[in-house]
Protein chains: 2
Amino acid sequence: MQTLSSLDPDFEKRFRRLVNARREADSDVAGQVSDILSAVKNRGDAALVEYSQRFDGYSLIDDSDWVIPRERYAQAYAELDAELREALDLAATRIRAYHEAQLPTDRDYTDDAGVRLGAIWRPVDAAGLYVPGGRAAYPSSLLMNAIPAKVAGVERTVVVTPTPKGNSNPLVLAAAHVAGVDEIWRVGGAHALGALAYGTEKIKPVDVITGPGNAYVAEAKRQLYGVVGIDMVAGPSEILVISDGKSDPDWIAADLLSQAEHDPTSQSILITDDAGFAALVEDSVAVQLSQLSTGKVAKASWDAHGAIIVVNDLESEAPPLANRLAAEHVELALDDPEPMLQSIRHAGSIFLGRMTPEAVGDYVAGPNHVLPTGRRARFSSGLSVLDFMKRTSFLGLDEASFAKIGPAAATLAHAEGLPAHAKSVELRRK
Amino acid sequence: MQTLSSLDPDFEKRFRRLVNARREADSDVAGQVSDILSAVKNRGDAALVEYSQRFDGYSLIDDSDWVIPRERYAQAYAELDAELREALDLAATRIRAYHEAQLPTDRDYTDDAGVRLGAIWRPVDAAGLYVPGGRAAYPSSLLMNAIPAKVAGVERTVVVTPTPKGNSNPLVLAAAHVAGVDEIWRVGGAHALGALAYGTEKIKPVDVITGPGNAYVAEAKRQLYGVVGIDMVAGPSEILVISDGKSDPDWIAADLLSQAEHDPTSQSILITDDAGFAALVEDSVAVQLSQLSTGKVAKASWDAHGAIIVVNDLESEAPPLANRLAAEHVELALDDPEPMLQSIRHAGSIFLGRMTPEAVGDYVAGPNHVLPTGRRARFSSGLSVLDFMKRTSFLGLDEASFAKIGPAAATLAHAEGLPAHAKSVELRRK
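Residues numbered from 1 in each chain as written. Chains lettered and ligands numbered in written order. Predicted model: local features only at pLDDT ≥ 70, side-chain atom pairs only at ≥ 80, totals over all residues. Heavy atoms only, no water.

**As for the relation of the copies chain B and chain A**
Move 1: For the match of chain B to chain A, the screw axis carries a shift of 0.0 Å, the RMSD comes to 0.0 Å, and the turn is 180°. On the angle and the small slide along the axis, the relation comes out as a two-fold axis.
Move 2: Same-surface contact between copies: 100% of interface residues of chain B are shared with the interface of chain A. (Least-squares fit on C-alpha atoms with pLDDT ≥ 70 in both. Contact = heavy atoms within 4.5 Å.)

Here is the structure:
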């Protein structure tokens, strides 16, 4: 962990280093992933059988080795502890409501020239969702990916997930039930993404692939971008907390650690105008780290990437620093967060006030928790229904409107050296 | 050119082959492009000087070698032929109006549980636009890329374009003036994209890069995806015309050729229910090909990739075929195109009725002409203001709403094995 003060003479240099520090490993798996994707494209299910055996030690023989039937996830849901089932239901209901309010509206209008113009939003036919195996198989991620697809109107949502010894996470299955997932295939890794993109004998292709995964999965998505739509290149999680000295230091320490516990490459940063408060937070982090079952991961993250930045004037100094960091999560632990909500331009999601810890947004608030990382909030957005939809523009002219705007099109076509374009207009002018 | 009939016993097989035929060349330039991008990232302007000399035979020495000043593009506009200037103005005005109507609206509401929820759309800080040199430097492309960025509110729009012997296209400069482009740099190729993404001593980095280019440019964009936002992986242009026998065959032939003349890899397809009309169109294509200055390119495209599909019942058969083709442009040359507008789910842009040739949309109608190709309309959309904006979600809880939804978040956090997440909630419950 490092402490910076905006009054230090080398502040700009140190802050710039913090902004530009890369926490994303360059993984040299492009060649391997390319081979795997080609094999799946060319040999279909046979390649899946081979890779599942090789990478997961898992044999795909009978149909029941391939697919988890819907009854199984309904059962997993029914067998959940009541408190957990209610929490999952609350999360799903709220996520659904937020994303329903996000649905775009079509346009269809006729302008002054008499030209009919518009755009129609439609869902993709099928969406694929990667769910990692093991510890990173979060039911909340399944809800956050599958529900927007369903709200968008996607008819077929397909989960692929590795089940190494045939084991699957019951909570993930229950979430699949709540989200209304249509198919779950017991394949993971880059080969599963190849199957989703190209289709195999058993697995029909999808149009969009989303969801988190390891370096192979990330590289496969990158290589398949353009064959299918993908959500985003995802990096390590991060949080920026902006707080004055009036917050409870324990609360803020817990908020910082809630990102740190995800991964040793996660990053947690506090900006405050109160050096005394900063010291209390630092102490509380140390205490909480010693108590957490995830303390080892959280400590590695906090030690390597954590930062506390003390500024002189929070209102004027914090927003420009926040914009340069363009963090995934930004907490505004202030009595009146409104001015900063307006002045922070680059952030994945903003959490307003002292009673809004980021963890509430991870699970039950409604907005999506799949958010841009690694400063990508400068140009990209969290997952939404739009990732599962596409827009078709349309236009219609009649003779009168054609007479008004057609000639200009022919003029420009000639100027660009495209005579057939011009001719398609000129023939209609006679 | 091939003719298919839906009554032929091998129709499904032949149509499937048509759908799956790849017109996009696999170019093996990934290694070279990766080297170029690394060099620009590490050596900045020095690398640009070196590559401009090597690839374009162009020396970047004085400032005037690097930049085309704004006065130059104002002058190019002033010196345009009046008819051309008016056409350019009309195009810009209409493109601006269509894209202004496309601006998304922010959300900010409080739900039944008392949780404040919303999303704010903001423009990126800077957008880079690639403009190819030579024949493919279309002023219309500049308008279609730069105007949506400006409408989105982007403060800095930056064009990079190769100017081999120092020559630049005056019509492109005039378009830059009309669109309000802020900077034009005389660098092209993959190294120019590296400069836009990473920044150099002279060129400040941008957040989003759009615009067409050759295989090197396309590969550079693909490799930079994630460092910056990019528009889309673009492939050869394509048109699908759906017409009954009542259209003028010459008009439809010209429409088909208006795509074919772009590139030998372009594709033009007609679906009609009138075999006699199909024959007339085929004849007219042959006649017009012999008259076009772009006839050589258009003939290569039509011979290799053109198709006429005769169906029995247009209303029921054309939409499913169109959905499988998911074409960039779909013309509905019918008296009443409305039912098909509703039933065609996958298309970049749809042109309604007999008086709406695709060329009108290329230039002056208003909707964007940068559209998904190669069946990508299944999952992606034409360029829009959204490509130059990003959405920040936000949420705010008070003690009452926290009491309602906080506990469920803690329950789920524990179930996922993330105790710091749970603790950040539980500390606030006391």
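**A word on the sheet that holds strand 5 (residues 156-160) of chain A**
Residue and element names in this part refer to chain A.
Move 1: One open sheet holds the five strands; their spatial order is 6-5-4-7-8, and the pairing between them is parallel. Edge strands, defined here as strands with exactly one partner in the open sheet, are strand 6 (183-185) and strand 8 (229-230).
Move 2: As paired strands, strand 7 (residues 208-210) and strand 8 are joined by two bridges and run parallel to one another. Considered in strand 8, the bridge of Ile 209 is made with Ile 230. (Pairing = 2+ DSSP bridges. Helix = DSSP H or I, 4+ residues; strand = E, 2+ residues; numbered from the N terminus.)

**A word on the domain arrangement of chain A**
Move 1: Splitting chain A by domain gives domain 1 (2-24 + 235-365), domain 2 (30-105 + 123-230) and domain 3 (397-429).
Move 2: On a C-alpha basis, the centres of domain 2 of chain A and domain 3 of chain A stand 48 Å from each other. (Domains from an automatic or database assignment.)

**Side note on the environment of B:Gly153**
Move 1: With respect to the secondary-structure elements, B:Gly153 resides in the loop between helix 7 (139-152) and strand 5 (156-160).
Move 2: Accessibility expressed as a relative area gives 34% for B:Gly153, which makes it partly exposed. (Buried < 20%, exposed > 50% of the residue type's maximum accessible area, 1.4 Å probe, protein only.)

**Quick look at helix 2 (residues 30-43) of chain A**
Think of an α-helix as turning once every 3.6 residues; residues three or four places apart then point the same way.
Residues and elements named next belong to chain A.
Move 1: Its 14 residues place the ends of helix 2 20 Å apart at the C-alpha level, agreeing with the 20 Å of an ideal helix rising 1.5 Å per residue.
Move 2: Every buried residue of helix 2 is listed here: Val 33, Ile 36, Leu 37, Ala 39 and Val 40. Within helix 2, the buried residues cover an arc of 160° as seen down the axis, which keeps them to one side. More than 90 degrees from the buried face of helix 2, the exposed residues found are Asp 35 and Asn 42.
Move 3: Turning to helix 2, the residues buried within the fold contact helix 3 (45-56), helix 9 (189-198) and helix 10 (215-224).
Move 4: Downstream of helix 2 by a residue or two, Gly 44 has a phi angle that is positive, lying close to 55°. (Expected span 1.5 Å × (residues − 1). Arc of directions from axis to C-beta.)

**Remarks on the UniProt feature "binding site: substrate" (unreviewed entry) in chain A**
Move 1: The UniProt record annotates "binding site: substrate" (unreviewed entry) at A:Ser237, A:Gln259, A:His262, A:His329, A:Asp362, A:Glu416 and A:His421. Sequence-wise these annotated residues cover 185 residues; spatially they are dispersed, their C-alpha atoms as much as 55.6 Å apart.
Move 2: Following the sequence through the fold, A:His329 ends up in strand 12 (residues 329-333).
Move 3: Judged by its relative accessible area of 2%, A:His329 falls in the buried class.
Move 4: With residues near it in sequence (within four places) discarded, A:His329 still touches A:Ser237, A:Glu238, A:Ile239, A:Leu240, A:Gln259, A:Ser349, A:Phe351, A:Glu358, A:Asp362 and A:Leu371.
Move 5: A polar side-chain atom of A:His329 sits 2.9 Å from the main-chain carbonyl oxygen of A:Glu238.
Move 6: Not counting chain neighbours up to four residues away, the residues in contact with A:Glu416 comprise B:Tyr138, B:Pro139, B:Ser140 and B:Tyr363. (UniProt positions renumbered as here; feature names shortened; annotations may be inferred. Polar contact = N/O pair within 3.5 Å; in protein donor to acceptor, adjacent residues only side chain to side chain.)

**What about the interface of chain B and chain A?**
The figure often quoted for interface size is the accessible area lost as the parts come together.
Move 1: Of the residues lining the interface, 125 residues belong to chain B; the matching set on chain A comes to 125 residues.
Move 2: At the surface where chain B touches chain A, the tally comes to 10 salt bridges.
Move 3: In this structure, A:Arg345 and B:Asp125 form a salt bridge, with 2.8 Å as the shortest nitrogen-oxygen distance.
Move 4: Our count for the chain B to chain A interface comes out at 80 residue pairs in polar contact (both at pLDDT 80 or more).
Move 5: Of all the elements, helix 17 (residues 399-415) of chain B adds the most residues to the side of chain B that touches chain A, at 10 residues.
Move 6: Taken together, the residues of the side of chain B that touches chain A break down into 65 nonpolar, 30 polar and 30 charged.
Move 7: Alignment of strand 14 (residues 389-396) of chain A against strand 13 (residues 349-352) of chain B, held across four bridges, turns out to be parallel. Of the residues in strand 13 of chain B, the one forming a bridge with A:Ser393 is B:Ser349. (Salt bridge = Lys/Arg side-chain N within 4 Å of Asp/Glu carboxyl O. Nonpolar A, V, L, I, M, F, W, Y, C, P; charged D, E, K, R; others polar.)

**Regarding the nonpolar core**
Move 1: In this structure, A:Leu142 and B:Leu142 are the most contacted members of the largest nonpolar core, which totals 214 residues.
Move 2: Residue contacts for B:Leu142: discarding those within four places in its chain leaves B:Leu129, B:Val131, B:Ile147, B:Val159, B:Val172, B:Ala175, B:Ala176, B:Ala179 and B:Val181. (Core = buried A, V, L, I, M, F, W, Y, C linked by side-chain atoms within 4.5 Å.)

**Re the packing of aromatic side chains**
Move 1: The tally for this structure, following the rule as stated, stands at seven aromatic pairs over all chains.
Move 2: Centroid distance A:Phe11 to A:Phe15: 5.7 Å. Interplanar angle 20°. Geometry classified as stacked. Separated by four residues within a single helix, A:Phe11 and A:Phe15 lie in helix 1 (residues 11-20), roughly one turn from each other.
Move 3: For A:Phe15, a relative accessible area of 0% corresponds to the buried category.
Move 4: On the numbers, 6.4 Å between centres and 85° between planes, the contact of A:Trp66 with A:Trp185 is edge-to-face. With A:Trp66 in helix 4 (residues 63-66) and A:Trp185 in strand 6, this residue pair connects regions lying 119 residues apart in the sequence.
Move 5: Judged by its relative accessible area of 3%, A:Trp66 falls in the buried class.
Move 6: A relative accessible area of 8% places A:Trp185 in the buried class.
Move 7: Against the face of B:Tyr77 rests B:Arg85, its NZ or CZ located 5.9 Å from the ring centre. (Phe/Tyr/Trp six-rings, centres within 6.5 Å; stacked < 30°, edge-to-face > 60°. Lys NZ or Arg CZ within 6 Å of the ring centre and 35° of its normal.)

**Notes on the pairing of strand 2 (residues 107-110) of chain B**
Residues and elements named next belong to chain B.
Move 1: The sheet contact formed by strand 2 and strand 3 (residues 116-123) spans four bridges and is antiparallel. Note on strand 3: the bridge partner recorded for Arg 107 is Ala 119.
Move 2: In this structure, the hairpin formed by strand 2 and strand 3 is closed by a connection of five residues, where Gly 114 is found at a positive phi of approximately 85°.

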